[in-house]
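Survey of secondary and tertiary structure
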Amino acid sequence: MKFPLSWLREYVDLPAVTAHEVAERLTAAGLKLESIESVGYEIKNVVVGEVLSVEELTGFKKPIRYCSLEVGEAAPRWVICGATNFAVGDRVPVALPGAVLPGGFEVGSRKTYGHVSDGMICSARELGIGDDHDGIMILPPDTHLGADVVELLGLRDDVIELEVTPDRGYALSIRGVARETAIAFGVPWRDPADVEPPSFDEESHPAAIDDPTACDRFVLRTVSGLDPAAETPMWMQVRLVRAGMRPVSLAVDVTNYLMIELGQPLHAFDRSRLDGPIVVRRAREGETLETLDHVVRELHPEDILITDSSGPISMAGTMGGLATEISAGSTDLVIEAAHFSASGTARMSRRHNLVSEASRRFERGVDRELPLYASWRAVQMLVAFGGATAEPGVTHAAVEAEPPSITIPSDHPDRVAGVTYGRDVVVRRLEQVGCTVVSAGSAPAPAEAVPADLLEPAAPGRAEALTVTPPSWRPDLTDPNDLAEEVIRLEGYAHLPSVLPKAPAGAGLTAEQRLRRQVSRALAAAGYVETLAYPFMGTRDLDALHLPGDDPRRRVTRLANPLSEDEPYMRTTLLPGLLKTLVRNVGRGFPDVALFESGLVFRPEPGAPAAAPVLGVDRRPTDEELAGITAALPRQPLRVAVVLAGERDRSGWWGAGRPASWADAVEAARTVAREAGLQLTVRADQHEPWHPGRCAALYVGETLAGHAGELHPRVVEAFGLPPRTAAMELELTVLEAVLPGPVDAVPVSAYPVATQDVALVVPAEVPVAGVEAALREGAGELLESIRLFDVYTGAQVGEGRKSLAYTLRFRAPDRTLTVEETTAARDAAVALAGERTGAQLRSA
């Protein structure tokens, strides 16, 4: 909504304030400022002149005229002009030498076309008041010669633009903004709709409402004898341009002007083109309408139409039809003002992708009482500016509607805001926005209005109940909280205290929530950077992972309305999003990357319904219907995944670095498990998209929780990844299911640690995890930790064998261990490892 400040001042007794101060007050009252533009301030030395003579110059490719102008000086001015729409005796704006036009364009005296041009005759666009550049602006014949055009036309102004939210439709008018401004500054204002239409018993033009759900008020007035040549007053054209609308003709400009001023869209029909009575109804099957934009539209049965005997003549509240358009020779007009359904207009506008200034207002809610007054003002303007005659009679078709009323305790705004306003302030603020407020005795505060823990304690006793009838221009006021918001915003949001809600005792994070936070923090501390990808993927991603055709990850949930047809499925694995993010980072010059993401994946169950049933909202679903919805939903486990490429330990002056490998991916999984207080069992596996010889299956007990390792070279090539990229994906939901509960802190022993090193020779195919598990179990309770510090293969241990060197740390909580105790524990560990894995102590 754009409007010049001068238009606002016409109805509000504003003090000497700037546009920025007005905008600040409106913003504080809840209206969002979009922009402020100062216009016309750079224009100077443009005056009114009269054309004394015109000499047509020949020999040029276009018409050139050499004109003498009387501008109120001692001698006429001579200028060159290429426009032909003016004649001798016309009064026009003249930019004298030294003048400045919008954009910093300076006008001087110069020789052109063989003559000296001592200035310039201006068009509307050259003065910054429109796009018309086809001809010179012609001023009224009684305009004073030599007058300053800027002052005459009111070109210097400040244009304020507000972004109007859907619940503030009244702010799409000077009338609505003027009311808010007057309240904000505490000054009087004049309602532009405060007119008294004459009463008539007869109809102006026959009309009826066929569907009350589409329209509940329809008003017609008629004027005749309009002068087709009548020009729109220049001040009105300037205001329309400043408000972002293009002047067209007097009749159209009057309806647009009043729409901006009052907020009531109007439409003018050429009476000579109407055929019989007008009826407001819904569209019928197969009907079409050619609208003013020359588009033939196929109408929907829910479209709201204005029709006559010939059929549709207008899409109600959106755009008129071409058949009844006002032409250059139209003299008899029918002025229509109505109150159409807000939801019906909005649906029709979106259905036809046809958004107009009228539809923007109707879909937000228009004052139901305005049609009688707005249509009469339109008639008055056409009579005053166009020489028309107001025909007696008015057509007023209406459906009775009971004004809504809301009962609200007088202290309800106090309880919502946590501030004591008092009854008098509540009543005053509600009356300022146009509400009628009467006392209705006493009543308790409604418990459902706001959560109990956010309410301030109410004063002792019962608050007075107020019955509030919202004004017709505020259809958004429907319940006590809406009224409380009006009081709070007008009193000032800045005056609300910052009070944190009280947390109820015993509340806090669940064990699952704590685990998710701990996992993210632990991976971040380990050097991984968290990413957040869209949870969508496509067939190309699954193919790039080289998943076999029967892999469960290829069983997907398709989106009904995907953002992109390349990614129409909900993801079944976190890896594609992470791998594409890694490629993007590497491509931008970051070769050493370690990323992680945690989020849901979507795994449809075999045999599940293809789609969930669509239920109505008129009742609660039955248990069977809820079960049907649940059965159609995919399983949504929570997962965490990491990807690594480049150097894990950086190289530098201290020496060579260490590239990321499958072992880092496995260690990331162990890091996650440690946060859950669990220990993973690692086993060799073959599972796409990992390398078959460098893939580890991760188990919690005997439950598979995920995989880690180096990606398959074909996957690396398909995604364009760096060589030997590693990845891990682990299902947190599996870990959450076996969380051990609160962890007891282990007492810190004050006794010294005893260290034993062992080197075991095992067959090369024996997994390290199996040897470590046997050592841990065989060592017993005295074992504090175990660490593999060396793996050796070579001639000394024999072909097909490897040597594993471990450090075993023993400690007792109540004594210093003896050599005999630690040696016995070590020997027991070695014995069990030998029994299970065939391990033998390596000789020196």
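What counts as what
Residues numbered from 1 in each chain as written. Predicted model: local features only at pLDDT ≥ 70, side-chain atom pairs only at ≥ 80, totals over all residues. Heavy atoms only, no water. Helix = DSSP H or I, 4+ residues; strand = E, 2+ residues; numbered from the N terminus. Rg over C-alpha atoms; globule rule 2.2 N^0.38 Å. Contact = heavy atoms within 4.5 Å. Areas by Shrake-Rupley, 256 points an atom, 1.4 Å probe, with all protein chains shown as cover. Lys, Arg positive; Asp, Glu negative; His and termini not counted. Charge placed at Lys NZ, Arg CZ, Asp CG, Glu CD. 1 Å grid on protein atoms, 1.4 Å probe; cavity = no way out; pocket = protein on both sides within 12 Å on 5 of 7 lines; lining within 4 Å. Points joined across faces, edges and corners; volume = space filled by probe spheres on them. Nonpolar A, V, L, I, M, F, W, Y, C, P; charged D, E, K, R; others polar. Phe/Tyr/Trp six-rings, centres within 6.5 Å; stacked < 30°, edge-to-face > 60°. Buried < 20%, exposed > 50% of the residue type's maximum accessible area, 1.4 Å probe, protein only. Pairing = 2+ DSSP bridges. Salt bridge = Lys/Arg side-chain N within 4 Å of Asp/Glu carboxyl O. Axes fitted to C-alpha atoms, helices over the stretch in contact; angles between N-to-C directions. Parallel < 35°, antiparallel > 145°, perpendicular 65-115°, else oblique. Left-handed = near helix turned anticlockwise from the far one by under 90°. Core = buried A, V, L, I, M, F, W, Y, C linked by side-chain atoms within 4.5 Å. pLDDT = per-residue confidence, 0-100. Expected span 1.5 Å × (residues − 1). Arc of directions from axis to C-beta.

Right, let's talk about the overall build of the protein for a bit. In terms of regular secondary structure, the protein is built from 21 helices and 42 strands. Expected size for 844 residues packed as a compact globule is a radius of gyration near 28 Å; at 41 Å, the protein overshoots this value by more than 25%. C-alpha atoms of the protein, sized along the principal axes, occupy 125 × 85 × 60 Å. Within the protein, residue pairs in contact and separated by at least 24 positions form 71% of the contacts whose partners lie at least 6 positions apart. Accessible area of the protein: about 41500 Å², with a carbon and sulfur share of 52%. Here the protein carries 82 positive and 118 negative side-chain charges, and the mean point of each set is 7 Å from the other.

Here we come to the layout of surface pockets. Space left empty within the atom packing is revealed by a probe, the size of a water molecule, rolled over the atoms. Of the voids in this model, the second largest pocket is the one considered here, and its volume is about 1300 Å³. Around the second largest pocket sit 31 residues that line it, and V666, R670, V682, V768 and A769 are the ones nearest its centre. Looking at the lining of the second largest pocket, the elements that each hand over two or more residues are helix 17 (662-675), strand 35 (681-684), strand 36 (690-700), helix 20 (768-779) and strand 40 (783-792). Top element by residues in the lining of the second largest pocket is helix 17. It accounts for eight residues. For the lining of the second largest pocket, a count of residues per class yields 17 nonpolar, five polar and nine charged.

If you walk through the whole model with that rule in mind, you get eight aromatic pairs. For the pair Y534 and F536, a centre-to-centre distance of 6.0 Å together with 15 degrees between the ring planes defines the contact as stacked. The exposure class assigned to Y534 is exposed, which follows from its relative accessible area of 61%. Measuring from ring centre to ring centre gives 5.6 Å for W653 and W654, while their planes differ by 75 degrees; the resulting arrangement is edge-to-face. Exposure remark for W653: the relative accessible area of 79% places this residue in the exposed category.

The sheet built from three strands is open, its strands ordered 28-30-29 with antiparallel pairing. A strand with exactly one partner marks an edge of an open sheet, and here the two such strands are strand 28 (536-537) and strand 29 (557-558).

Before going further, it helps to spend a moment on the pattern of salt bridges. Scanning all chains against the criterion turns up 62 salt bridges. Several salt bridges converge on common partners, so that one network encompasses R168, E180, R474, D476, E485, E486 and R489.

Take the sheet that holds strand 20 (residues 319-320) next. Backbone-to-backbone hydrogen bonds pair the strands of a sheet. The strands run either parallel or antiparallel. Pairing is mixed across the open sheet formed by five strands, whose spatial order is 12-15-18-19-20. With partners counted over all chains shown, the strands left at the sheet margins are strand 12 (207-209) and strand 20, one partner each. Direction of pairing for strand 18 (residues 304-308) relative to strand 19 (residues 311-315): antiparallel, over a ladder of four bridges. When the sheet's bridge partners are listed, L305 is paired in strand 19 with M315.

Okay, the packing of helix 13 (residues 511-525) against helix 17 next. Direction vectors running N to C along helix 13 and helix 17 enclose 140 degrees, while the axes themselves pass 9 Å from each other. The orientation of helix 13 relative to helix 17 falls into the category oblique. In the packing of helix 13 onto helix 17, the handedness of the crossing is right-handed. Where helix 13 approaches helix 17, its residues L515, Q518, V519, A522 and L523 are matched on the opposing element by A668, T671, V672 and E675.

In this structure the tally under the stated criterion is one cavity of 30 Å³ or more. Around the largest cavity sit 15 residues that line it, and G169, Y170, S173, L262 and D367 are the ones nearest its centre. It is helix 4 (residues 174-185) that contributes the most residues to the lining of the largest cavity, three residues altogether. Among the residues forming the lining of the largest cavity, the class breakdown is six nonpolar, five polar and four charged.

This brings us to the nonpolar core. Counting residues in hydrophobic clusters, the biggest one holds 56 residues, and the most contacted among them are L8, V22 and L382. With eight residues, the single largest contributor to this core is helix 6 (residues 250-262).

For the rest of this paragraph, the subject is the environment of A594. In this fold, A594 is placed in strand 31 (residues 593-600). Along the chain, A594 and A660 lie 66 residues apart, while their C-alpha atoms are 9.0 Å from each other. Apart from residues lying up to four places away in sequence, A594 is in contact with G527, Y528, V529, V643, L644 and R648.

With that settled, consider the confidence of the model for the protein. Of the residues in the protein, 97% have a pLDDT of 70 or more, and the chain-wide mean is 91. Scored below 50 in pLDDT, residues 444-460 makes 20 contacts in the model with residues more than four places away or belonging to other chains.

Given 3.6 residues per helical turn, the α-helix brings residues three or four places apart onto the same face. A rise of 1.5 Å per residue sets the reference length of helix 20, with its 12 residues, at 16 Å; its end C-alpha atoms lie 17 Å apart and thus fit the reference within 8%. Burial in helix 20 covers these residues: V771, A774, L775, G778 and A779. Taken around the axis of helix 20, the buried residues stretch over an arc of 120 degrees, which confines them to a single face. Check the buried side of helix 20 and you find it contacts strand 39 (754-763), strand 40, strand 41 (801-810) and helix 21 (819-837). Just past helix 20, the residue G780 takes up positive phi, approximately 80 degrees.

For the rest of this paragraph, the subject is the packing of helix 6 against helix 9 (residues 370-386). Packing of helix 6 against helix 9 brings their axes to within 10 Å, and their N-to-C directions diverge by 140 degrees. Considering their axes alone, helix 6 and helix 9 lie oblique with respect to each other. Like other packed secondary-structure pairs, helix 6 and helix 9 cross with a definite hand, here right-handed. Between helix 6, through L250, A251, V254, Y257, L258, E261 and L262, and helix 9, the contact on the second element is made entirely by L370, A374, R377, A378, M381, L382, F385 and G386. Here the contact of helix 6 with helix 9 is built from residues that sort into 12 nonpolar, one polar and two charged.

With respect to the element layout, T112 can be found in strand 8 (residues 109-112). Once residues within four sequence positions are removed from consideration, T112 is found in contact with I80 and S117.

Our next topic: the pairing of strand 32 (residues 638-645). When you tally the buried positions in strand 32, you get eight out of eight residues, the bulk of the element. Taking every second residue as pointing to the same face, both faces of strand 32 are buried, with L638, V640, V642 and L644 on one and R639, A641, V643 and A645 on the other. In the sheet, strand 31 pairs with strand 32 via eight bridges, with the strands oriented antiparallel. Among the inter-strand pairings, F596 is bridged to a residue of strand 32, identified as V642. Summarising the sheet, strand 32 and strand 38 (residues 726-731) pair through six bridges and their orientation is antiparallel.

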